[in-house]
Amino acid sequence: MAAYSVNGAEIEHDEEGYITDVSQWNRDLAQIIADAEGLDMTDEHWSVVDFLREYYNEYQIAPAVRVLVKAVKKKFGPEKGSNKYLYELFPYGPAKQACKVAGLPKPTGCV
Amino acid sequence: MLHTVNKSPFERNSLESCLRLAKKGSAILLLEDGVYAAINGTSVSDKVSGATKDNSVYVLGPDMKARGLGESQLIDGIKIVDYAGFVDLAADNDGVTPWL
Amino acid sequence: MTEYNFETEGVKKTITYLNRKAPYGTIYALEVLESVLISAAFEQHANIVFVDDGVFQIKKDQDTADLDMKCFLPTYGIIEMEKEDADEDEDMDMNWRIIVEKESMEARGLTTDDFKIEVEVLSSAELADVLDTSDAVIGG
């Protein structure tokens, strides 16, 4: 299985780049995945990633996009509380791309 | 409300829970292995017979026939329906509660 | 030909999710849980009901590590969170109830202290009314 090299450690990922063990995630790894995705990580990007990780730790599942939108709206104001804004941050979709950077499993459905 | 029970009352508690939680006056349809609850002389016959006083109880004919059960073995008050009758029951009631 | 109207704007229904199976032996519990989460997106009224062995789904302290299975007990917390969100948000017309049948709970030696989430305990007769007034019931 392919792996990311992070500070000398090997962290395995699947054929699409999702890491296979959520607990191995760290911010350096997130930066490496983001670079591979061509993302320029801003504070807003990191906030989304942090929210995804906190939510996953608490509920063991990725949030619905609607929940993510609500959380971003709360933190950055109503003009940024939209699906469109999330797509500006993560062009391949908040669910797929942001989850990958956050080290979460690939979302299987619409939640 | 139409309640459907598709498990044998001798294996699961689906029928028991259905009878406990179906409001008086609702329709109950026994189908698949649930049809074993519709015959006379079993350990649940009295309970099912009692339910026919408060509810309309139906049994799906094709499922009875497939299991070698005949009309003569049926508890009094239970009506046999065919597939078209099943559709009518679902259409005539406000919703279906399945007891799986 | 019959004309069907698929307009859903403003449509409100009450959907009851009837959980009757213990969590890991069969797939029922997880399937119902997933459908509850999906339905939250449609802002419909919902009753999430635990009856018979379904009450074991929300028993606290579950740990599936040794089974090599995902433990989905924490995921029920989303139901609780969605309910609280809807209760607090005045713009949201979404009423959720999390219900345990008293008889099922007591028969299994449980009290509300054994549950991971906050529940409303109803008698069989009260629950019969909830089922009867639902627009749709999803069994599991």
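Cut-off values and rules
Residues numbered from 1 in each chain as written. Chains lettered and ligands numbered in written order. Predicted model: local features only at pLDDT ≥ 70, side-chain atom pairs only at ≥ 80, totals over all residues. Heavy atoms only, no water. Helix = DSSP H or I, 4+ residues; strand = E, 2+ residues; numbered from the N terminus. Rg over C-alpha atoms; globule rule 2.2 N^0.38 Å. Buried < 20%, exposed > 50% of the residue type's maximum accessible area, 1.4 Å probe, protein only. Contact = heavy atoms within 4.5 Å. Areas by Shrake-Rupley, 256 points an atom, 1.4 Å probe, with all protein chains shown as cover. Pairing = 2+ DSSP bridges. Axes fitted to C-alpha atoms, helices over the stretch in contact; angles between N-to-C directions. Arc of directions from axis to C-beta. pLDDT = per-residue confidence, 0-100. Buried area = accessible area lost by both parts, 1.4 Å probe. Salt bridge = Lys/Arg side-chain N within 4 Å of Asp/Glu carboxyl O. Polar contact = N/O pair within 3.5 Å; in protein donor to acceptor, adjacent residues only side chain to side chain. Nonpolar A, V, L, I, M, F, W, Y, C, P; charged D, E, K, R; others polar.

What about the overall build of chain A?
When helices and strands are counted, chain A shows five helices and two strands. Each helix and strand of chain A, ordered N terminal to C terminal, gives the series β-β-α-α-α-α-α. Relative to the compact-globule value of 13 Å for 111 residues, chain A shows a C-alpha radius of gyration of 13 Å, a close match. For chain A, the residues scored as buried account for 48% of the 111 residues in total. A separation of at least 24 residues holds for 49% of the contacts in chain A among residues at least 6 apart in sequence. Put simply, chain A shows about 5900 Å² of open surface, and 50% of that area lies on carbon and sulfur atoms.

Digging into the sheet that holds strand 3 (residues 96–101) of chain C
Residue and element names in this part refer to chain C. Pairing in this open sheet of five strands is parallel, and the strands run 4-3-2-1-5 from one edge to the other. Every other strand in the sheet has two partners, leaving strand 4 (120–122) and strand 5 (136–139) as the edge strands with one partner each. With direction set aside, neighbouring strand axes in the sheet form an average angle of 25 degrees. Of the strands in this sheet, strand 1 (14–19), strand 2 (45–50), strand 3, strand 4 and strand 5 are in contact with helix 4 (residues 124–132), which crosses strand 3 at around 140 degrees.

What about helix 2 (residues 45–54) of chain B?
Residue and element names in this part refer to chain B. Among the residues of helix 2, those classed as buried are Ser 45, Val 48, Ala 51 and Thr 52. Considered in projection along helix 2, the buried side chains sweep an arc of 120 degrees and stay on one side of the axis. Exposed positions of helix 2 whose direction lies more than 90 degrees from the buried face are Asp 46 and Lys 53. Buried-residue contacts for helix 2 involve helix 1 (14–21) and strand 3 (56–60).

Some thoughts on the sheet that holds strand 2 (residues 27–30) of chain B
Hydrogen bonds along the backbone pair up the strands of a sheet, which may run parallel or antiparallel. Residue and element names in this part refer to chain B. Spatial ordering of the open sheet is given by 4-3-2-1-5, a layout of five strands whose pairing is parallel. Strands at the two margins of the open sheet, each flanked by one partner only, are strand 4 (79–81) and strand 5 (96–99). Ignoring strand direction, the axes of neighbouring strands in this sheet form an average angle of 25 degrees.

Notes on the confidence of the model for chain C
A low pLDDT means the predicted coordinates there should not be read in detail. For chain C, the mean per-residue pLDDT works out to 94, and 99% of the residues sit at or above 70. Predicted as a complex, the structure gets a pTM of 0.90 and an ipTM equal to 0.92.

Structural notes on the interface of chain A and chain C
At the interface, 11 residues of chain A touch 14 residues of chain C. Buried surface at the junction of chain A and chain C, summed over both partners, amounts to about 1000 Å²; 58% is from carbon and sulfur atoms. Of all residues in chain A, the largest losses of buried area upon contact with chain C belong to Tyr 59, Gln 60 and Arg 66 of chain A, amounting jointly to 50% of the total for that side. Our count for the contact surface shared by chain A and chain C stands at two salt bridges. Where chain A touches chain C, the interface holds four residue pairs in polar contact (both at pLDDT 80 or more). When residues of the side of chain A that touches chain C are traced back to their parent elements, those giving at least two are helix 2 (43–59) and helix 3 (65–76) of chain A. It is helix 2 of chain A that contributes the most residues to the side of chain A that touches chain C, four residues altogether. Among the residues forming the side of chain A that touches chain C, the class breakdown is seven nonpolar, one polar and three charged.

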